[in-house]
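If you want the building blocks of each chain, they are given just below.
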Amino acid sequence: MKPQDIENIELQYLTLDDYQELKGAMQQAYSSMPDLFWRENQIKTLIDKFPEGQVVIKINNQIAGCALSIIVDYDSIDDIHTYEDITGNYTFNTHDADKGDALYGIDVFIKPEFRGLRLGRRLYDYRKEVCEKLNLRGIAFGGRIPNFHKYSKEMTPKEYIDKVRRKEIHDPVLNFQISNDFHPVRILKGYLEGDNASGEYAVLLEWDNIYYEKPSKKAATKKKIVRLGLIQWQMRLYKDLEELMQQAEYFIDAVSGYRSDFALFPEFFNAPLMAENNHLSESEAIRELAKHTESIVQKFSEFAIAYNINIITGSMPEVKNDLLYNAGYLCKRDGSVERYEKLHVTPDEAKVWGLQGGTQLKAFDTDCGKIGILICYDSEFPELSRLLADEGMDILFIPFLTDTQNGYSRVRHCAQARAIENECYVAIAGSVGNLPKVHNMDIQFAQSMVFTPCDFSFPANGIKAEATTNTEMILIADVDIDLLRELNQHGSVNNLRDRRTDLFELRKK
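Report follows, based on the coordinates. (Residues numbered from 1 in each chain as written. Predicted model: local features only at pLDDT ≥ 70, side-chain atom pairs only at ≥ 80, totals over all residues. Heavy atoms only, no water.)

Considerations on the overall build of the chain
Part 1 of the reasoning: Counting its secondary structure elements, the chain contains 14 helices and 23 strands.
Part 2 of the reasoning: Here the C-alpha radius of gyration of the chain, 29 Å, is well above what a compact globule of 509 residues would show, namely 23 Å.
Part 3 of the reasoning: Counting the 509 residues in the chain, one finds 50% classified as buried.
Part 4 of the reasoning: Pairs at least 24 apart in sequence give 70% of the contacts found in the chain among residues at least 6 apart.
Part 5 of the reasoning: Looking at the chain as shown, the accessible area adds up to about 23,900 Å², and 47% of this sits on carbon and sulfur atoms.
Part 6 of the reasoning: A distance of 3 Å separates the average location of the 60 positive side-chain charges in the chain from that of its 78 negative side-chain charges. (Helix = DSSP H or I, 4+ residues; strand = E, 2+ residues; numbered from the N terminus. Rg over C-alpha atoms; globule rule 2.2 N^0.38 Å. Buried < 20%, exposed > 50% of the residue type's maximum accessible area, 1.4 Å probe, protein only. Contact = heavy atoms within 4.5 Å. Areas by Shrake-Rupley, 256 points an atom, 1.4 Å probe, with all protein chains shown as cover. Lys, Arg positive; Asp, Glu negative; His and termini not counted. Charge placed at Lys NZ, Arg CZ, Asp CG, Glu CD.)

So, in structure tokens, the structure goes:
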């Protein structure tokens, strides 16, 4: 049929009134196997069990194509199976709408006269919408390889599939599935009896629902739109710890007032307290500052609960086993607290303060998904954020402290690179102002920002929000986690998926 002859195209639920026309359409679509068509009682069973899964495309009120589906337990898909197994010997007693977690494609076809109009894509798009609507893990089916018989004496099914993927061989069915985001999982031998063109082989093909949420017994659900509250902290002298924490609470109150999910403080935001020990050497003064850390973390944890917000405490000096570290804490609003460390200390930090590099690197589970936290200089080492990305990180937080614009530029540009290469959001927060009465903390330069990947669903320049340079303020920004899922699957480029792991690997020791 020519496009100019089409008056209307409509996607409809399949009904028993369509059966006789459906039977004729199947016999035309499967002309090499004319006796393999669904009987009326089988179609009735499918419609009764799962009406949403059975649809037809009609052109000018004539059936042009059809898609039939059931819901099954994913574990049954994972095993080697035949078409007869998955359909329960064609009785469809394997359909389980209550406990099943995957949509299984029983059949999809387009009548020969309607091919070339991309109608198959519409049927697959509908299946994906049903899968997302019903919160199923994904779609699976056994895909025929009808051109395999031409090459069966020369190569194995695996070699055939590899050549199809490399476009060295054209297989109309498999090429179509791959172009619709389905990926081959394994070869199924003896899948469909009588499918001589495929040598009775099939390819188990799967599509993953990026929006799938595993059922939880908890009342809370993970948020999809996450609000970030960045605190661009002004360095100023404080009378004591209590006054410093009053200022911290002021900012927490402000960002929580905007219903932020996270509050991010800068690196060494508590450095003003070193003023009282300015008569000591730099290394002695910072160890005195470390004595406040436990009290600050306890207070932040209380704030997290009271203001219902997850607080990333920037960083503070901390002494462990007589060694000095640069560490921070994630104080969650559920009352739990987790620790992170600066792994790479700068030459100045090691020389002047005697700081040691930490050893802990992990992604943290939160009520807003997985996050990573890297302190300042650590953002300039791409391996760290890539390891966190491999753990499922969606948002990377970088508290920093830089005294010059060139130092800030290193952090900023590396942070933006981390957002692109790891397909995640990156939030950076720093301090501004000066501390004339604190050695080795002279003046600060900062512009807090939120970075995104660079693709059509995000800002063209990869910047979601930015603070005013060198001004005390808060920065509020919303980030959409679902956009990351879409990017992972359908981005213009796929930085994570396209890594050549056949040539290299990255792992923790």
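Comments concerning empty space enclosed by the protein
Part 1 of the reasoning: Taken as a whole, this structure holds two cavities of 30 Å³ or more when the rule is applied.
Part 2 of the reasoning: Of the volumes computed, that of the largest cavity is approximately 60 Å³.
Part 3 of the reasoning: Along its surface, the largest cavity is lined by Arg-339, Tyr-340, Glu-341, Leu-343, Gln-360, Leu-361, Lys-362, Phe-364, Ile-373 and Leu-374.
Part 4 of the reasoning: The leading source of residues in the lining of the largest cavity is strand β13 (residues 337–341), at three residues.
Part 5 of the reasoning: A per-class count over the lining of the largest cavity returns six nonpolar, one polar and three charged. (1 Å grid on protein atoms, 1.4 Å probe; cavity = no way out; pocket = protein on both sides within 12 Å on 5 of 7 lines; lining within 4 Å. Points joined across faces, edges and corners; volume = space filled by probe spheres on them. Nonpolar A, V, L, I, M, F, W, Y, C, P; charged D, E, K, R; others polar.)

Side note on the side chain of Thr-293
Part 1 of the reasoning: Counting through the fold element by element, Thr-293 comes out in helix α10 (residues 293–306).
Part 2 of the reasoning: Taking the relative accessible area as the measure of exposure, Thr-293 reaches 2% and is therefore buried.

Quick notes on the pattern of salt bridges
Part 1 of the reasoning: Tallying each qualifying case throughout the model produces 32 salt bridges.
Part 2 of the reasoning: Residue Lys-58 pairs with Asp-18 through a salt bridge whose shortest N-O separation is 3.0 Å. Here Lys-58, found in strand β2 (residues 55–59), pairs with Asp-18, found in the loop between β1 (9–13) and α1 (19–29); they are 40 residues apart in sequence, far enough to count as distant.
Part 3 of the reasoning: Assessed through its relative accessible area of 7%, Asp-18 is described here as buried.
Part 4 of the reasoning: Here Arg-236 ties to Glu-472 by a salt bridge, and the two come within 2.9 Å at their closest N and O atoms. Within this pair, whereas Arg-236 is found in the loop between β8 (225–235) and α8 (241–257), its partner Glu-472 is found in the loop between β22 (463–466) and β23 (473–480), the two being separated by 236 residues in sequence.
Part 5 of the reasoning: Taken together, the shared-partner salt bridges in this structure form one network comprising Lys-163, Arg-166 and Glu-168. (Salt bridge = Lys/Arg side-chain N within 4 Å of Asp/Glu carboxyl O.)

Comments concerning the packing of helix α5 (residues 119–133) against helix α7 (residues 172–179)
Part 1 of the reasoning: Between α5 and α7, whose axes approach to 11 Å, the crossing angle comes to 50°. When the axis of α5 is compared with that of α7, the two are oblique. Considering only the axes of α5 and α7, their crossing is right-handed. Packed against α5, whose contacting residues are Gly-120, Arg-121 and Tyr-124, the element α7 presents Phe-176, Gln-177 and Ser-179 at the interface.
Part 2 of the reasoning: Residue classes in the contact of α5 with α7 are distributed as two nonpolar, three polar and one charged. (Axes fitted to C-alpha atoms, helices over the stretch in contact; angles between N-to-C directions. Parallel < 35°, antiparallel > 145°, perpendicular 65-115°, else oblique. Left-handed = near helix turned anticlockwise from the far one by under 90°.)

As for the packing of aromatic side chains
The geometry of an aromatic ring pair is captured by the separation of the ring centres together with the interplanar angle, meaning the angle of the planes.
Part 1 of the reasoning: Applying the stated rule across the entire model yields 30 aromatic pairs.
Part 2 of the reasoning: A ring pair is formed by Phe-148 and Tyr-201, whose centres lie 5.8 Å apart and whose planes are at 85°; its orientation type is edge-to-face. Residue Phe-148 is located in the loop between β5 (138–144) and α6 (157–165), and its partner Tyr-201 is located in the loop between β6 (183–188) and β7 (202–208); the two are separated by 53 residues in the primary sequence.
Part 3 of the reasoning: On the basis of an interplanar angle of 65° and a centroid distance of 5.7 Å, the ring pair of Phe-269 and Phe-300 is categorised as edge-to-face. Placement of Phe-269 in the loop between β9 (262–264) and α9 (282–290) and of Phe-300 in helix α10 is noted, with a sequence separation of 31 residues between them. The residues Phe-269 and Phe-300 share a single accessibility class, namely buried.
Part 4 of the reasoning: Between Arg-127 and the ring centre of Tyr-124, over which it is positioned, the NZ or CZ distance is 5.7 Å.
Part 5 of the reasoning: Here the guanidinium or amino end of Arg-137 rests over the ring plane of Tyr-74, the centre of that ring lying 3.8 Å away. (Phe/Tyr/Trp six-rings, centres within 6.5 Å; stacked < 30°, edge-to-face > 60°. Lys NZ or Arg CZ within 6 Å of the ring centre and 35° of its normal.)

Overview of α9
Part 1 of the reasoning: Those residues of α9 not exposed but buried are Ala-285, Ile-286, Leu-289 and Ala-290. For α9, the buried positions fall inside an angular range of 150° around the axis, keeping them on one side.
Part 2 of the reasoning: Those residues of α9 hidden inside the fold are in contact with α10, β11 (316–320), β12 (323–331) and α11 (347–353). (Arc of directions from axis to C-beta.)

Focus on unusual backbone geometry
Part 1 of the reasoning: For Asn-60, which is not glycine, the phi torsion reads 50° and is therefore positive.
Part 2 of the reasoning: Tracing the sequence through the fold places Asn-60 in the loop between β2 and β3 (62–72).
Part 3 of the reasoning: Phi is positive for Asn-308, close to 55°, though the residue is something other than glycine.

Describing the side chain of Gln-177
Part 1 of the reasoning: Inspection of the secondary structure puts Gln-177 in helix α7.
Part 2 of the reasoning: Judged by relative accessible area, which is 4%, Gln-177 ranks as buried.
Part 3 of the reasoning: Dropping the residues within four chain positions of it, Gln-177 is found in contact with Tyr-124, Phe-141, Phe-182 and Leu-205.

Details of the packing of α8 against α10
Part 1 of the reasoning: Remark: α8 packs on α10, axes separated minimally by 11 Å, with the N-to-C direction vectors making an angle of 30°. Between α8 and α10, the angle is such that the two are roughly parallel. By crossing handedness, the relation of α8 to α10 is classed as right-handed. On the side of α8, the interface is formed by Leu-241, Met-245, Ala-248, Glu-249 and Ile-252, while α10 contributes Ser-295, Ile-296, Lys-299, Phe-300 and Phe-303.
Part 2 of the reasoning: Looking at the contact of α8 with α10, its residues break down into seven nonpolar, one polar and two charged.

Regarding the sheet that holds β22
Part 1 of the reasoning: Across the sheet, six strands lie side by side as β15-β16-β17-β18-β21-β22; this open sheet has mixed pairing. With one partner strand each, in any of the chains shown, β15 (364–366) and β22 form the two edges of the open sheet. On average, each strand axis in the sheet is tilted by 20° relative to the strand beside it, whichever way the strands run. (Pairing = 2+ DSSP bridges.)

Topic: a negative patch on the surface
Part 1 of the reasoning: A surface patch of like charges, here negative, comprises Asp-125, Glu-129, Glu-132 and Glu-486.
Part 2 of the reasoning: Mapped onto the elements of the fold, Asp-125 is located in helix α5.
Part 3 of the reasoning: Take Asp-125: its relative accessible area is 33%, and that puts it in the partly exposed class. (Patch = residues over 30% accessible without salt bridge, like charges linked within 9 Å, V, L, I, M, F, W, Y side chains within 5 Å.)

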